[in-house]
Amino acid sequence: MTTPMLILIAGPYRSGTGGDPAAMAANLARLEEAAWPLFAAGHLPVIGEWVALPVLHSAGADETDPLADEVLYPTARRLLARCDAVLRLPGDSVGADQDVATARERGLPVFFRLEDVPVVGAGATS
């Protein structure tokens, strides 16, 4: 039986968007698509942008501001200090690649497919 894990969902957010808010929103939606399957498998999903964006906005900045690099990447690193695993979704992303490298340095499992994430025993959604 697997115990529930806090799993960071990593993948493209700003990469390849040219700063287009609609493209970033679409990328975030793709990341969020993995949240329910992880939760249904008995885990707690987290996406770095769920934490980083309110921090960035409270500083009066947005994703295109130079401050974004000082908030987005460090937020993911700080989250990884608390996470048990990473789910790396497809697509080019320097930040997601950094998340994978950090996870591996810390000895955390890195999954590349939802199917590879172990399911917690019966009653996973409770």
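Now for a description of the structure that goes with this document. (Residues numbered from 1 in each chain as written. Predicted model: local features only at pLDDT ≥ 70, side-chain atom pairs only at ≥ 80, totals over all residues. Heavy atoms only, no water.)

### Structural notes on the packing of helix H4 (residues 68-80) against helix H5 (residues 94-105)
Between H4 and H5, whose axes approach to 10 Å, the crossing angle comes to 25 degrees. Comparing the axis directions of H4 and H5 gives the class roughly parallel. The hand of the H4/H5 crossing is right-handed. Judged by residue contacts, Tyr-73, Ala-76, Arg-77 and Leu-80 of H4 engage Val-94, Gly-95, Gln-98, Asp-99, Thr-102 and Ala-103 from H5. Across the contact of H4 with H5, the residue classes tally to 5 nonpolar, 3 polar and 2 charged. (Axes fitted to C-alpha atoms, helices over the stretch in contact; angles between N-to-C directions. Helix = DSSP H or I, 4+ residues; strand = E, 2+ residues; numbered from the N terminus. Parallel < 35°, antiparallel > 145°, perpendicular 65-115°, else oblique. Left-handed = near helix turned anticlockwise from the far one by under 90°. Contact = heavy atoms within 4.5 Å. Nonpolar A, V, L, I, M, F, W, Y, C, P; charged D, E, K, R; others polar.)

### Quick notes on the pairing of strand S1 (residues 6-10)
Within S1, 4 of the 5 residues are buried, leaving the element largely enclosed by the surrounding structure. Here 4 bridges tie S1 to strand S2 (residues 44-47), and the two strands are oriented parallel to one another. Along S2, the bridge assignment pairs Ile-7 with Pro-45. Pairing between S1 and strand S3 (residues 85-88): 4 bridges, direction parallel. By the bridge assignment for S3, Ile-7 is matched with Ala-85. (Buried < 20%, exposed > 50% of the residue type's maximum accessible area, 1.4 Å probe, protein only. Pairing = 2+ DSSP bridges.)

### Some details on the pattern of salt bridges
Using the criterion set out here, one finds 4 salt bridges in the structure. The salt bridge involving Asp-69 is made with Arg-14; its shortest N-O contact spans 2.5 Å. One end of the pair, Asp-69, is in helix H4; the other, Arg-14, is in the loop between S1 and helix H1 (21-33), with 55 residues separating them in the sequence. Here Arg-88 ties to Asp-97 by a salt bridge, and the two come within 2.7 Å at their closest N and O atoms. Judged by its relative accessible area of 44%, Asp-97 falls in the partly exposed class. Overlapping salt bridges, with partners in common, bring together Arg-113, Glu-115 and Asp-116 in one network. (Salt bridge = Lys/Arg side-chain N within 4 Å of Asp/Glu carboxyl O.)

### Some points on the packing of aromatic side chains
Centre distance and the angle of the planes are the two values used to describe a pair of aromatic rings. Across all of its chains, the model carries 1 aromatic pair by this definition. Relative to Phe-39, the ring of Trp-36 has its centre 5.8 Å away and its plane inclined at 35 degrees; by these criteria the two rings are tilted. Pair noted here: Trp-36 and Phe-39 are both in helix H2 (residues 35-40), with a separation of 3 residues, about one helical turn. Accessibility expressed as a relative area gives 33% for Phe-39, which makes it partly exposed. Seen from the ring of Tyr-73, Arg-14 lies directly overhead, with NZ or CZ sitting 5.7 Å from the centre. (Phe/Tyr/Trp six-rings, centres within 6.5 Å; stacked < 30°, edge-to-face > 60°. Lys NZ or Arg CZ within 6 Å of the ring centre and 35° of its normal.)

### Here's the deal with the packing of helix H3 (residues 48-58) against H4
Helix-helix packing: each pair is described by the crossing angle between the helix axes and the interaxial distance. Running from N to C, H3 and H4 point in directions that differ by 140 degrees, and their axes come no closer than 9 Å. The orientation of H3 with respect to H4, classified from their angle, is oblique. Judged by the sense of rotation from one axis to the other, the crossing of H3 with H4 is right-handed. Here H3 contributes Gly-48, Glu-49, Val-51, Ala-52, Leu-53, Val-55 and Leu-56 to the contact with H4, which in turn contributes Ala-68, Val-71, Leu-72, Thr-75 and Leu-79.

### Thoughts on the layout of surface pockets
The calculated volume of the largest pocket comes to roughly 250 Å³. Along its surface, the largest pocket is lined by 19 residues, and Gly-11, Glu-49, Tyr-73, Gly-95 and Ala-96 are the ones closest to its centre. By residue number, the principal contributor to the lining of the largest pocket is H5, which donates 4 residues. Residues belonging to the lining of the largest pocket are distributed by class as follows: 11 nonpolar, 5 polar and 3 charged. (1 Å grid on protein atoms, 1.4 Å probe; cavity = no way out; pocket = protein on both sides within 12 Å on 5 of 7 lines; lining within 4 Å. Points joined across faces, edges and corners; volume = space filled by probe spheres on them.)

Function-wise, these values are silent; they only describe arrangement.
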